Amino acid sequence: MLGKLLDEMPKPILILGDLNAHHAAWGSSTVNSAPESKKRGEAILDLAVYHDMVVLNNGTHTRIDPSTGLSQALDVSLCSVSHATSFTWKILLDYSGSDHLPILIDVPGNPKRSNLRPKWILKKANWELYENITNATLRSGCKYTVEEFTKKMIDAAEASIPKTTGNTGRKSVAWWNEEVKSAIKIRRKRLRTLRRLKENDPQKVTALKEFQEARSVCRRAINEAKQKSWENFVESINPATPTSQVWNNINRLQGKRQNSTITLNLPSGHSNDGQLVANALADEYQQKSSDAQYAESFRKKHKTNTCSMYKTQRANVHK
């Protein structure tokens, strides 16, 4: 079946899957493997060679049995020889509740797009340090240009207030809370401890038990958080709820982030470049607030009133 599929697929090919096949080529231990698993592994490797494909796996085990704590390499990644050097392959530590560890296949040198502007993390700001820096650099009685004053304020903020990276980050979830965060942190720690121990290590049994307990606590915390999040969503909807709020809540449940980047349709086309957007908004504001927007009769009346007021003020000065 796999061979027929490979014959029909256009090149290059990238295949990933839990093939439940054992072979040393991708790091499986074949000592206690079932004959069917070893036979399946040999057949998959023969197909890969026949179709000019290579194994991307680096030998790291991809699954941990939650009942025994033993690990094995069951998830196989194959790609065409022509693109074998275009990818990097590695295992991520946290298995996100599954007994299979996540696999990250990356393209080195591929730029990661980010339209998010870094933001100040005010909750983690060191305001005492910020005050000390501004007191030392901005002395009373000294005259500063706008550029100088702005630079000193930004320099003080850079030294005392952390900022976000600007990367898009992981998919956000509405049910995330501190309890879930703490449970996942403990689960990851117990998993790292379990993976470091060898199979014949006397501490393996204790480490496995602690990992199983952390895994159970984490699952319960996530399920309860999801249930609570769904209940809050349902309770927030009533006949008077604006449609925009309903869709915002739906997007949050789906893990969609709100993009704070402003995109304008400029004469040169759509753009979200900060400098271009700021200039366009400033030009629009200047145009809308200029005297040219008023009717001719109003401008004449305003000009007459201004002149009369100026003459009155001059007369009062010379009395």
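This text follows the structure it describes.
Residues numbered from 1 in each chain as written. Predicted model: local features only at pLDDT ≥ 70, side-chain atom pairs only at ≥ 80, totals over all residues. Heavy atoms only, no water.

1. Quick look at a nonpolar patch on the surface
- A surface patch of nonpolar side chains, about 410 Å² in accessible area, is lined by Trp 120, Leu 122, Trp 127 and Ile 154.
- By the secondary structure assignment, Leu 122 is in the loop between strand 7 (103-106) and helix 3 (127-137).
- Under the relative-accessibility criterion, Leu 122 is labelled partly exposed at 48%. (Patch = residues over 30% accessible without salt bridge, like charges linked within 9 Å, V, L, I, M, F, W, Y side chains within 5 Å. Areas by Shrake-Rupley, 256 points an atom, 1.4 Å probe, with all protein chains shown as cover. Salt bridge = Lys/Arg side-chain N within 4 Å of Asp/Glu carboxyl O. Helix = DSSP H or I, 4+ residues; strand = E, 2+ residues; numbered from the N terminus. Buried < 20%, exposed > 50% of the residue type's maximum accessible area, 1.4 Å probe, protein only.)

2. A few points about the sheet that holds strand 1 (residues 14-18)
- On the basis of which strands lie adjacent, the open sheet formed by 3 strands has the order 1-5-2 and antiparallel pairing. Strands with a single pairing partner mark the edges of an open sheet, and in this sheet they are strand 1 and strand 2 (53-55). The mean inter-strand angle of the sheet, taken between neighbouring strand axes irrespective of direction, is 20°.
- As judged from the 5 bridges shared by strand 1 and strand 5 (residues 75-80), these two strands associate in the antiparallel manner. Following the sheet pairing, Asp 18 is matched in strand 5 by Asp 75. (Pairing = 2+ DSSP bridges. Axes fitted to C-alpha atoms, helices over the stretch in contact; angles between N-to-C directions.)

3. Details of the environment of Leu 16
- Here Leu 16 shows up in strand 1.
- Given a relative accessible area of 52%, Leu 16 falls into the exposed group.
- The spatial distance from the C-alpha of Leu 16 to the C-alpha of Ser 77 is 4.5 Å, given a sequence separation of 61 residues.
- With sequence-adjacent residues up to four places away left out, Leu 16 is seen in contact with Val 76, Ser 77 and Ile 105. (Contact = heavy atoms within 4.5 Å.)

4. Focus: the nonpolar core
- Among the nonpolar cores identified, the biggest contains 12 residues, and these are Leu 56, Ile 64, Cys 79, Trp 89, Ile 91, Leu 101, Leu 191, Leu 194, Leu 197, Ala 207, Leu 208 and Phe 211.
- At the level of secondary structure, the elements contributing two or more residues to this core comprise strand 6 (88-91), helix 5 (178-196) and helix 6 (204-235).
- Among the elements that line this core, the one with the most residues is helix 6, at 3 residues.
- Residues contacting Ile 91, with those up to four places away along its chain left out, are Thr 60, His 61, Thr 62, Leu 101, Pro 102, Ile 103 and Arg 195.
- Formed by 11 residues, the second largest nonpolar core is a distinct cluster that contains Ile 15, Trp 26, Ala 48 and Met 53. (Core = buried A, V, L, I, M, F, W, Y, C linked by side-chain atoms within 4.5 Å.)

5. Quick notes on the pattern of salt bridges
- The final tally for this structure, using the stated rule, is 3 salt bridges.
- Linking Lys 163 and Glu 158 is a salt bridge whose minimum nitrogen-to-oxygen distance equals 3.6 Å.

6. Regarding the packing of aromatic side chains
- This structure, assessed with the given rule, holds 3 aromatic pairs.
- Judged by centre distance (6.4 Å) and plane angle (45°), the rings of Trp 175 and Trp 176 are tilted.
- If you follow Lys 163 out to its NZ or CZ, it ends over the ring of Trp 120, 4.8 Å from the centre. (Phe/Tyr/Trp six-rings, centres within 6.5 Å; stacked < 30°, edge-to-face > 60°. Lys NZ or Arg CZ within 6 Å of the ring centre and 35° of its normal.)

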